[in-house]
Amino acid sequence: MTAPFNFGQLKFLKALTEALFHGAPMVITADQVVANVCELFDKVGGTKLKEIRLSLDATELVLAPVFVDIAVADRAARIRNRLQNSQIDLFQDMARLRGIIYACYYGHWQPGLEPGDQDANAANPVHAQIGFTLPKFRQRGAGEMPIAPISGREIDPAHILDATSLDDEYDVIVLGSGAGGGVAAYNIAAQGYKVLIVEAGPFYPSQAINHHELDMIASLYKHGALQTSTNRDFVVFQGRCVGGSSTINNGICLRVNEPGRTHPDALDVLAKWASIGAPVDAAAFHASYDAVQAKLGIAKIEPRSGRHNGPHLLNGWAAYAGASTDPREQRAVADWFAKNFGPPNTPTACSYCGYCNSGCAYGRRMGIAQTYLPEACRDHGARILPGTKADQIVWQTAIDGRREAEAVKLILPDGSNALVNVRVGVVVACGTIASSKLLDRSDIANTGYQVSLNVASPVVALMPDGAGGDAWDEDQMSSYVDCGDFLLESHFQPPMSMASLMPGWFADHSARMKNFGRVHSAGILFPADRRGRVTDDKLEFRLDTQDDLPVLRRAMATLTKVHFAAGALECYPALAKGQTITPGMDVDAFFRDAIREQDDVTLSSSHPHGGNAINENPQYGIVDPECRVHGTTNVLVTDASVFPSCIRVNAQWTTMAMAHYATARGDPFG
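Let me sum up the structure you'll find in this document. Computed from a prediction, not measured in an experiment: that's the story for all the values here. (Residues numbered from 1 in each chain as written. Predicted model: local features only at pLDDT ≥ 70, side-chain atom pairs only at ≥ 80, totals over all residues. Heavy atoms only, no water.)

**Structural notes on helix α18 (residues 548-565)**
Relative to the 26 Å expected for 18 residues at 1.5 Å per residue, α18 spans 26 Å between its end C-alpha atoms, a close match to the ideal helical length. Backbone geometry just downstream of α18 places Gly567 in the positive-phi region, at approximately 105 degrees. (Helix = DSSP H or I, 4+ residues; strand = E, 2+ residues; numbered from the N terminus. Expected span 1.5 Å × (residues − 1).)

**Considerations on the packing of aromatic side chains**
Summed over the entire model, instances satisfying the criterion amount to 22 aromatic pairs. With a centroid separation of 5.9 Å and an interplanar angle of 70 degrees, the aromatic rings of Phe5 and Phe41 are classed as edge-to-face. Separated by 36 residues along the polypeptide, Phe5 in the segment before α1 (7-20) and Phe41 in helix α2 (residues 30-44) bring together distant segments of the chain. Classification of Phe41 by relative accessible area gives buried; the value is 1%. Ring centres of Phe21 and Tyr102 lie 5.4 Å apart, and the angle between their planes is 80 degrees; on these two criteria the pair is classed as edge-to-face. With Phe21 in the loop between α1 and α2 and Tyr102 in helix α6 (residues 97-106), the pair connects residues that are 81 residues apart, well separated along the chain. Judged by its relative accessible area of 0%, Tyr102 falls in the buried class. Grouping aromatic residues by their ring pairs yields a cluster made of Trp273, Phe285, Tyr289, Phe643, Trp653 and Tyr661. Its end group placed over the ring of Tyr170, Lys194 keeps NZ or CZ at 4.8 Å from the ring centre. (Phe/Tyr/Trp six-rings, centres within 6.5 Å; stacked < 30°, edge-to-face > 60°. Buried < 20%, exposed > 50% of the residue type's maximum accessible area, 1.4 Å probe, protein only. Lys NZ or Arg CZ within 6 Å of the ring centre and 35° of its normal.)

**Considerations on the environment of Asp485**
Tracing the chain through its elements places Asp485 in the loop between β12 (479-482) and β13 (487-490). C-alpha of Asp485 to C-alpha of Arg648: the two residues are 163 residues apart in sequence and 8.2 Å apart in space. Sequence-distant contacts of Asp485, defined by excluding residues within four places in its chain, comprise Arg328, Phe526, Pro527, Val551, Arg554 and Arg648. Within the structure, Asp485 has its side chain in polar contact with the side chain of Arg554 (distance 2.6 Å). (Contact = heavy atoms within 4.5 Å. Polar contact = N/O pair within 3.5 Å; in protein donor to acceptor, adjacent residues only side chain to side chain.)

**Observations concerning the state of the cysteines**
Counting across every chain of the model gives 0 disulfides. No disulfide involves Cys353; its sulfur sits 6.2 Å from the nearest other cysteine sulfur, which is in Cys360. With no disulfide of its own, Cys356 lies 5.8 Å from the sulfur of Cys350, the closest cysteine sulfur. (Disulfide = S-S within 2.5 Å.)

**Quick word on unusual backbone geometry**
With an omega of 5 degrees, the peptide bond running from Ala64 to Pro65 counts as cis. Mapped onto the elements of the fold, Pro65 is located in the loop between α3 (46-62) and α4 (72-84). Phi angles above zero are rare outside glycine, and Arg232 is one such case at about 65 degrees. Along the chain, the position of Arg232 falls in the loop between α9 (213-220) and β3 (234-236). Residue Arg232 is classed as partly exposed on the basis of its relative accessible area of 38%.

**As for the side chain of Asn124**
Note that Asn124 resides in the loop between α6 and α7 (125-130). Among the polar contacts listed, one links the side chain of Asn124 to the side chain of Asn121, at a separation of 2.8 Å. Beyond its immediate sequence surroundings of up to four residues, Asn124 is in contact with His108, Trp109 and Gln110.

**Quick notes on the pattern of salt bridges**
A complete count under the given rule lists 36 salt bridges for this structure. The salt bridge partner of Asp167 is Lys194, with a shortest N-O separation of 2.7 Å. A residue pair is termed long-range when its members are at least 10 positions apart, and Asp167 in the loop between α7 and β1 (169-175) and Lys194 in the loop between α8 (179-189) and β2 (195-198) qualify at 27 residues. Judged by its relative accessible area of 30%, Lys194 falls in the partly exposed class. A salt bridge links Arg542 to Asp233; its shortest N-O distance comes to 3.9 Å. (Salt bridge = Lys/Arg side-chain N within 4 Å of Asp/Glu carboxyl O.)

**Some thoughts on helix α19 (residues 587-594)**
Looking only at α19, the buried set comprises Val587, Phe590, Phe591 and Ala594. Buried residues along α19 cover an arc of 90 degrees about the axis, so they all sit on one side. In this structure, the buried residues of α19 make contact with α18 and β16 (570-573). Between the side-chain oxygen at the start of α19 and the backbone nitrogen of Asp588 there is a gap of 3.4 Å, and the oxygen is on Asp586. (Arc of directions from axis to C-beta.)

The values are spatial; any link to function lies outside them.
Spelled out as structure tokens, the structure:
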């Protein structure tokens, strides 16, 4: 195999793989791992492939001389000294290659007669090594939800366009088919407008989704889930497919400041928005939440779907908080998530296979592609054009002197351009990063500033042998604790994803993965408010050392203590060096010493928002309180990029509510 890497890069990848598994048994060869890496990047391609090629070459130089020719033990020692234990930012960035190697080992998939063939992987050697069972072969007893597909919810393929069936003109073009775009498209089409929905990613109905993680993540995520900030300190997960991130998320639905579900001391988000010039009608906004809830069947999940990590977090919190004298911790809210996986207690409820983040293969998730989009197409004549990038909005001057969108320039799947006219207006809902760049390319000034993240980082805990069933046999995320200035969220992942977030190096990482069934996991989530900006199609983001890092340390220390309160034997926080914490250690002191800068810890976010904020004053925002771009007559933005400040909770439901708020209270173009 020579593509997508050259001979030297392939040789280095093999040497690196052998070194990262030094002291650990491998049940597939290093050559097979390299083939899996090639498969991943061959599908991802683009700028991310160029970046990884440069990273491989640079890392080989750092590990020189003659890294590929020295003994494996010497290679491992060199990695340990120059990457694992380095405080040099560039070397810490290079160290993240370990996650790719481990993911492509534990994400190994044996080809079968059809894509995602579970029968061909019944004896997958990597799964056997860690004691993992694919959903098809799990035994479900009385009262359990069968793992079987649900039909009738998908978009009709006849409503998917290609270049040959694209018209020259539509009333409204909606750019983006995710949480913001899908809701907006439905509401606008229901008002009688002829709507075209443009999506940069592919169309993957549920029946095309499978449990080959490497394939699904490469196909459904922007940059194959390897999108990073400019400093490479944050991995930013975003869907790039019809339905957007609602196709590959955990379905978590939290409102801002919901009584009884939010910490009473938490920042009042809508009051904050009003104070900075972005008033939102709270009653109307919550009515929009209600409308989305009814459409998606949002309800609190069945505890059986998160039966391992869910109660682990809730019970651990009860034990921890019961001994706490901190009034803030005593007022914390601990509960099961509400989700659009269901509705609960029905034959179509979530079958908790655990593969939420690589797409629901069973049609049970009530995502945008199972609700708003098929209804917009079937009932109101909307059509979807996938695999197509929105390059630029083309303007004319309206009678009042403002700019008015007259067309959108598209880049079709074959690379050709198409100019599609609009009679009424344009809706931008491509996500925080892409919407900011599209507006910038369309000569809207000052986009992409003051981007917020809900920053996440996991802590994994080893539980006693025989403490319960296999931790992986459940829904991925099921319970949470709102501590006021951060959240704790239970989670677990299938092998490939879990391997990439599992801390540790060499034999330590292997040993932790061999305990796959008895490690429990949860993560922290804290708001980093307006710290970032979009530059050159990427997110530039840095935590504030005085405000954010102390919250990060305290959140991770709290979660570690909760794990121990639940009976953990040891904990593995997502630190670059892969340290272990054991009972009796001073946990607070440990994190004060271990996290001195953001490079010291693995950080990610699935919730970028802001960048095109609402504000009454065009000097301080991109859109007005009705989500119309300032200085234009007919361009709306209806995704999370309009949020004026960090919402501090998972963004899916609030994004949908914002799109409904902007498009369902009368004619948005009237």
